[in-house]
Each structure stands twice: as C-alpha cells, then as structure tokens.
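Listed below are the residues making up each chain.
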Amino acid sequence: MFISIWQYLYGRFFRFWMKWILRIITRKCELQRICEGFVGGERASKIENALTLSKNQVLQNATSVNHNKVEECVDDIMKEKNINPKKDRRFKMRMKTCLLQITGYKQLYLDVENVRKSPYDSNNQHHEELLMKLWSLLMPNEKLKARITKQWCDIGFQGDDPKTDFRGMGLLGLVNLVYFSENYTNEAHQVLSHSNHPTLGYFYAIVGINLTEMAYSLLKSNALKFHFYNSVPGSPTMEHFHQFYCYLFYEFDRFWFEEKPESIMYFNQYREKFLEKIKGLLLDYRVLLTLKL
Amino acid sequence: GAGSEPRTSERCKERFSATPSSPSPGPGGALHAVIREWREGPDAQCGACSPSRAPYPQGLLSILRKLKSAPDQEVRILLLGLDNAGKTTLLKQLASEDISHITPTQGFNIKSVQSQGFKLNVWDIGGQRKIRPYWRNYFENTDVLIYVIDSADRKRFEETGQELAELLDEEKLSGVPVLIFANKQDLLTAAPASEIAEGLNLHTIRDRMWQIQSCSALTAEGVQVR
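- Under an unreviewed UniProt entry, chain B has the name ADP-ribosylation factor-like protein 3 and belongs to Sarcophilus harrisii.
- Among the UniProt annotations of chain B, the heading Sequence similarities (unreviewed entry) holds the following wording: "Belongs to the small GTPase superfamily. Arf family."

- Naming follows an unreviewed UniProt entry, where chain A appears as ELMO domain containing 2 of Sarcophilus harrisii.

Spelled out as structure tokens, the structure:
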C-alpha cells in the first residue's frame, strides 16, 4: 500500500524534481548519468525505462525507432537534451548501442513470431529438406527408410509423420531443433541418448518443440531482456534466439536427470519447476545464459 | 458422485433396450429419438443423424445435466484420443484460454472449469502410442469420458476405433457416459459425425449413455459449456 502510494507520487511528482535537482548538481541529464553509472543489461534497461517514461516525444519514440534510423535518433536526442558531444564523448556510442539493443529486442520478437506463424507444410520443399536434415544430423548412421515411417519415433516424434507435431510452434520448432543438432552436434547426440534412457527417458523431438514454446514465451513476455542486453552489444538476431534455445534444451536435460521424475507423465510438473528456475535466473540484471562446454 | 452413476447407466440401458437391433435407424428412428430425448432446448438434434447442421447442439452440457442434478458438484472428465486429435485445444477452449501456442502433450494437463453450477475437473492425457499404456492410471472416479477424434485423419480411423473399443471394455470405465467429439469439422476433408458413428459401430453401445458431437475445437463450435 505505502509502496504503491510512494510509487505513484514518485512517478507523478518527485521523479521530475529529483531529475531536475540531479541535473543541476551533476550538469548531466538522466540519460548521461545512466550511461556513465551503469553497464550492460542494467544500463540498457534503465535507458529503456527513462525513454518510456519521458514526456518528450523524441525520447519516447526512440524505443521503437527503425534499425537504420538509430544513428539519426541519437543525434536528435542529443540536440533535444543539449548534450555536447565534445564534453561527453562516449555518450553517443553508448546510447547507440542501447537503442540497438532496445529496438532490436522488439524486432527479434517480430522475426521469431513470423517463423512461428508459418506452419510446417509438407508440400514445401524447404520444410521437407530441413526435416530430413534433422534426421541425418541426429542419426548419421541410420538411413530413413521412407518419408512416413515409425523411425521418426526414434528421435522422439509422436508418430510416423512428424508434420503434425510442430503445431502451435510451426517452423520455429523445427528450425530450433536443426540449429541445436547442427551447431552442438555432440551435445545433441548426448541429449538424444539420454532421452532413450529406459526409466528416465523422454521424447526428444517433442520435448524440443515444447522448449521452443518456453523460449518463445519468455521472449514474448520480455523476460529475456537482461539476457540479450548482456550478451549482445547491438541488435539481437535469430541466431541469438537459437543460442538461448540450445542453452534451454541442454539445461533441461540435465535438470530432468537430476530430478529423476517417476515417469514421463509428470513432464508438465517438472517443466513448470524448470521454468520457474530459469525465470529466477533471468531476473538478475547481470544474467547471461549460455551453453558452456 | 458414485451414487448417481448406476442409476443413470441403468436408465440408459432401459432406453437402449428399446432400440431395434437393426442398424442405421433413419431420421425419426428409435436411436434418433433416444438421443434427441437426452438433448434439451428447441435446437436439439441427433449428432448421428444430422451432424452438419449449425448451430451445433451442446453435447457436454446435456450429459452433465443428466448425470448430476444438484448444482455445485464436481465432475471429473477424462479427455482421451489419439495424438493430434485436438484434446489440448479442446481443454483450453473449455477454459477460454489462448489456443495458438499448443505443443504436443507430454504426460497430462488438468484444468478446472466452472460451468452452470458444475465444477468440471478436466484431465487431458497425451495421446501418442507410447504413453497410451498410462491412460489407465487416470480412469478411477471418471464421471464422463470425452473421446476426441480427428475427423479428417481417415487413415487412422481404424486405430482410433480400436482404442475406443478397448476403453469401453475397461472395467474401471464401465457405465461411464461417453461423449465422442468428431473434431476438426472446420476442415473440408473432415468426415461427418454420422459416418464416424457408423464406422465405429457406436450404435452397438448398450451399456452406457453415449453421444457423438460434431465440433471444431479450433473455432469453438460445438464445444461451448458456458
């Protein structure tokens, strides 16, 4: 109660006066103070907050500026806030990086959403090739006997045709699986062999698709901001999303074996527990989740 | 709820004993009449006889009303069917949740839904072949079995029929009313409920209340319970 009253008063009145007083004392605007006082994810996220809360139209619009217009936008901000580039030489560079990170995150969500929204289509040659690639990466020593075959169950699809397993994750699920198998082949093989464990086994491909949903939802809810702000000094790309997915898959496998669930029927409970753990890690402004080999 | 079950199934048996043994009762036949009697409201129609006419009748509610008369009762509903039949979409639709991010179900999902004085505890169990042996762990105390069929997946009609037949033979599910959802009616290639009913020989079910219902879990047609 007191906290929310304080937050209201602060946001409404005190914030303005605080900024004004600090500006007089330090002779710097809020953005400059943030750029100097903080680094990495904390800096970008504080800048994002300051811009969003700003009453100045130029600053407000900066969080959704186009990728190519970032440079221009920084110049406009400096004009607007009377920042002398000679007095604060690093501001321009730092601000540019922050804006690339902030706008890049939004763009990344749109890009990921686009891939997710394209359903797996078995009439699309590109989709079919990706599926075949997944097989050959995971089962290099075994040939697929037919396009529709029970062999798909060996890599954890539900039935004899994987196309129905992608569902709400569309092509994104497949692209994620292929990326993991291609860029972390040894780890993917290790995880696949774990998934065939007689008692602790699970279904590799559909767990993978489920984890695509986890990565996607975290991205959508902005929970990955600190992580991407810390790991990418610019606009995060699809590649960075895949990297995070690989981290999730590898860590989930480890988590599953540590927890030793009674059977696959408890998957959702353990998934929830794993998700809570990841969400906890992502709250730290210094967070950086990468697959360490 | 166990006390009311024998009564309903007993009554159901009586009704079915009046059904003539000859198959394919046309419109106005005995089967039609029995099913129509279960349904309520002026739009009542028999899913087996005229499945494609919109609006879809509300199958689940009519079964619930037959099952339990007192309000504020908990009903345990078991959702089964092959993988990709649409069980989770149906579950989320019943709970008015977003259905655009669904992935294959590993294990099970459970949701509680309030509907017209009933508290529905809906258990959605994964349908892939390798986890079907676990289905039996969820049979106990089931009030209604909802069996979901992908009406467009004709290649697996036989497989889904076998699974259903095995379920109906289960001792722990004996007498439990079964509602069959002929799902994915939004697809052009979907078989009508009447064809599915005939293919599955549903008219031979004599030991319990049953219904088949055309629906599309995607568009929510035929699945509303509110």
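So that's the structure; there's more coming.
## Details of the UniProt feature "binding site: Mg(2+)" (unreviewed entry) in chain B
Residue and element names in this part refer to chain B.
For step 1, the next point in the chain: In the numbering used here, UniProt assigns the feature "binding site: Mg(2+)" (unreviewed entry) to Thr88 and Thr105. Spatial clustering of the annotated residues is evident: they stretch over 18 residues in sequence, but the largest pairwise C-alpha distance comes to 7.4 Å.
For step 2, the next point in the chain: Tracing the sequence through the fold places Thr88 in helix α4 (residues 87-94).
For step 3, the next point in the chain: Ignoring sequence-local partners within four residues, the contact set of Thr88 consists of Ile102, Thr105, Asn109 and Asp124.
For step 4, the next point in the chain: Tracing the backbone shows Thr105 in the loop between α4 and β2 (108-115).

## Notes on helix α8 (residues 170-183) of chain A
Residue and element names in this part refer to chain A.
For step 1, the next point in the chain: The first and last C-alpha atoms of α8 sit 21 Å apart over 14 residues, in line with the 20 Å expected at 1.5 Å per residue.
For step 2, the next point in the chain: With eleven of 14 residues buried, α8 is to be regarded as a mostly interior element.
For step 3, the next point in the chain: When we look at burial in α8, the residues that qualify are Gly170, Leu171, Leu172, Gly173, Leu174, Asn176, Leu177, Val178, Tyr179, Phe180 and Ser181.
For step 4, the next point in the chain: Of the surrounding secondary structure, the elements contacted by the buried residues of α8 are α6 (91-117), α7 (125-138), α9 (185-195), α10 (204-220) and α12 (238-259).

## Quick look at the pattern of salt bridges
For step 1, the next point in the chain: With the rule as written, the count across this model stands at 26 salt bridges over all chains.
For step 2, the next point in the chain: For Arg147(A), the salt bridge identified is with Glu128(A), shortest N-O distance 2.6 Å. Here the residue Arg147(A) occupies a position in the loop between α7 and α8, and Glu128(A) occupies one in helix α7, the gap between them amounting to 19 residues.
For step 3, the next point in the chain: Relative accessible area serves as the criterion here: at 15%, Glu128(A) is assigned to the buried category.
For step 4, the next point in the chain: Residue Arg136(B) is joined to Glu170(B) by a salt bridge in which the shortest nitrogen-to-oxygen separation is 3.2 Å. With Arg136(B) in the loop between β3 (118-125) and β4 (144-150) and Glu170(B) in the loop between α5 (157-169) and β5 (178-183), the pair connects residues that are 34 residues apart, well separated along the chain.
For step 5, the next point in the chain: Glu170(B) gets classed as buried once you look at its relative accessible area, which sits at 17%.
For step 6, the next point in the chain: Bridged by salt links that share partners, the residues Asp83(B), Arg129(B), Arg132(B), Asp153(B), Arg156(B), Glu159(B) and Glu163(B) form one connected network.

## Remarks on the sheet that holds β4(B)
Residue and element names in this part refer to chain B.
For step 1, the next point in the chain: The six strands are arranged β2-β3-β1-β4-β5-β6 in an open sheet whose pairing can be described as mixed. In the strand order of this sheet, the two ends are held by β2 and β6 (210-214), each with one partner. Pairwise comparison of adjacent strand axes, ignoring direction, gives a mean angle of 20 degrees for this sheet.
For step 2, the next point in the chain: Pairing geometry for strand β1 (residues 73-80) and β3, over seven bridges, is parallel.

## What about the domain arrangement of chain A?
Residues and elements named next belong to chain A.
For step 1, the next point in the chain: With domains assigned, chain A is organised as domain 1 (16-116) and domain 2 (125-282).
For step 2, the next point in the chain: The centre of domain 1, based on its C-alpha atoms, is set 35 Å off from the matching centre of domain 2.
For step 3, the next point in the chain: For the domain 1 and domain 2 pair, buried surface summed over both sides reaches about 1900 Å², with 68% attributable to carbon and sulfur atoms.
For step 4, the next point in the chain: Sorting the residues of domain 1 by area buried against domain 2 places Tyr105, Leu108 and Arg116 first, and these three jointly supply 37% of that buried surface.

## Quick look at the nonpolar core
For step 1, the next point in the chain: Ranked by size, the top nonpolar core spans 123 residues in total, and within it Leu31(A), Met95(A), Phe157(A), Phe180(A) and Phe249(A) carry the most contacts.
For step 2, the next point in the chain: Sort the elements by how many residues they give to this core and α12(A) lands first, with twelve residues.
For step 3, the next point in the chain: Looking at this core, you find at least three residues from each of domain 1 (16-116) and domain 2 (125-282) of chain A.
For step 4, the next point in the chain: Discounting residues that sit within four places of it in the chain, Phe180(A) has contacts with Thr185(A), Glu187(A), Ala188(A), Val191(A), Tyr204(A), Tyr245(A), Cys246(A), Phe249(A) and Leu291(A).
For step 5, the next point in the chain: Within the second largest apolar cluster, 27 residues are counted, among which are Leu90(B), Leu91(B), Ala95(B) and Ala217(B).

## Some remarks on the UniProt feature "domain: ELMO" (unreviewed entry) in chain A
For step 1, the next point in the chain: The UniProt record annotates "domain: ELMO" (unreviewed entry) at residues 126-282 of chain A.
For step 2, the next point in the chain: Secondary structure over residues 126-282 of chain A splits into 64% helix and 0% strand, and the C-alpha atoms at its two ends are 35 Å apart.

## A few points about α7(A)
Residue and element names in this part refer to chain A.
For step 1, the next point in the chain: For α7, which comprises 14 residues, the first-to-last C-alpha distance of 20 Å matches the rise-based estimate of 20 Å (1.5 Å per residue) to within 8%.
For step 2, the next point in the chain: Inspection of α7 places His127, Glu128, Leu130, Leu131, Leu134, Trp135, Leu137 and Leu138 among the buried residues, and these make up the whole buried set.
For step 3, the next point in the chain: Of the surrounding elements, those touching the buried residues of α7 are α8, α9 and α10.
For step 4, the next point in the chain: In this structure Asn124 caps α7, since a side-chain oxygen of it lies 2.8 Å from the backbone nitrogen of His126.

## Some thoughts on the packing of α9(A) against α12(A)
Residue and element names in this part refer to chain A.
For step 1, the next point in the chain: Packing of α9 against α12 leaves a shortest axis separation of 10 Å and a crossing angle of 35 degrees. For the crossing formed where α9 meets α12, the hand is left-handed. For the pair formed by α9 and α12, the contact residues are Glu187, Gln190, Val191 and His194 on the first element and Phe249, Tyr250, Asp253 and Phe257 on the second.
For step 2, the next point in the chain: Looking at the contact of α9 with α12 residue by residue, the class counts come to four nonpolar, two polar and two charged.

## Digging into the interface of chain A and chain B
For step 1, the next point in the chain: Each partner contributes to the interface: chain A provides 23 residues, whereas chain B provides 18 residues.
For step 2, the next point in the chain: For the pair chain A and chain B, the summed buried surface comes to about 2000 Å²; carbon and sulfur atoms form 54% of the total.
For step 3, the next point in the chain: Across the chain A-chain B interface, the total number found is zero salt bridges.
For step 4, the next point in the chain: For the pair chain A and chain B, the interface holds seven residue pairs in polar contact (both at pLDDT 80 or more).
For step 5, the next point in the chain: Of all the elements, α10(A) adds the most residues to the side of chain A that touches chain B, at seven residues.

## Quick word on the side chain of Glu113(A)
For step 1, the next point in the chain: Structurally, Glu113(A) can be placed in helix α6.
For step 2, the next point in the chain: At 2.5 Å, the side chain of Glu113(A) and the side chain of Tyr216(A) are in polar contact.

Cut-offs used in this document
- The numbers attached to residues start from 1 for each chain and follow its sequence in the written order.
- The lettering of chains begins at A and the numbering of ligands begins at 1, in the order of writing.
- With pLDDT at 70 or above as the cut-off, local features in this predicted model cover only qualifying residues; side-chain atom pairs require 80 or more to be listed or tallied, and sums for whole chains, interfaces and linings still use all residues.
- The side-chain values count all of the structure's non-hydrogen atoms but skip hydrogen atoms and water molecules.
- UniProt positions are given in the numbering used here, feature names are shortened, and annotations may be inferred rather than shown by experiment.
- In DSSP terms, a helix is any run of H or I states spanning at least four residues, a strand is any run of E spanning at least two, and both are numbered starting from the N terminus.
- It only takes one pair of heavy atoms within 4.5 Å for two residues to be counted as in contact.
- To estimate how far a helix should extend, the number of its residues minus one is multiplied by 1.5 Å.
- Each residue's exposure class comes from its accessible area (1.4 Å probe, protein chains only) as a fraction of the maximum for that residue type: buried when under 20%, exposed when over 50%, partly exposed otherwise.
- Any Lys or Arg side-chain nitrogen found within 4 Å of a carboxyl oxygen on Asp or Glu counts as a salt bridge.
- When DSSP locates at least two bridges between a pair of strands, those strands are taken to pair.
- Working convention: axes come from line fits to C-alpha atoms, limited for helices to the stretch in contact. Angles between N-to-C directions cover 0 to 180 degrees.
- Note that the domain bounds reflect an automated or database-derived domain assignment.
- When two parts are brought into contact, each loses some accessible area as probed by a 1.4 Å sphere; the total of that loss over both is the buried area.
- In these notes, a set of buried Ala, Val, Leu, Ile, Met, Phe, Trp, Tyr and Cys residues joined through side-chain atoms within 4.5 Å is what counts as a nonpolar core.
- Definition of a polar contact: a pair of N or O atoms within 3.5 Å, with one able to donate and the other able to accept a hydrogen when the atoms are protein atoms, and with sequence-neighbouring residues admitted only if both atoms are side-chain atoms.
- Two helices that cross are described as forming a left-handed crossing if the nearer one is turned anticlockwise from the farther one by less than a right angle, and a right-handed crossing if clockwise.
- Gly is put with the polar residues, along with every residue not named as nonpolar or charged; the nonpolar set is Ala, Val, Leu, Ile, Met, Phe, Trp, Tyr, Cys and Pro, and the charged set is Asp, Glu, Lys and Arg.

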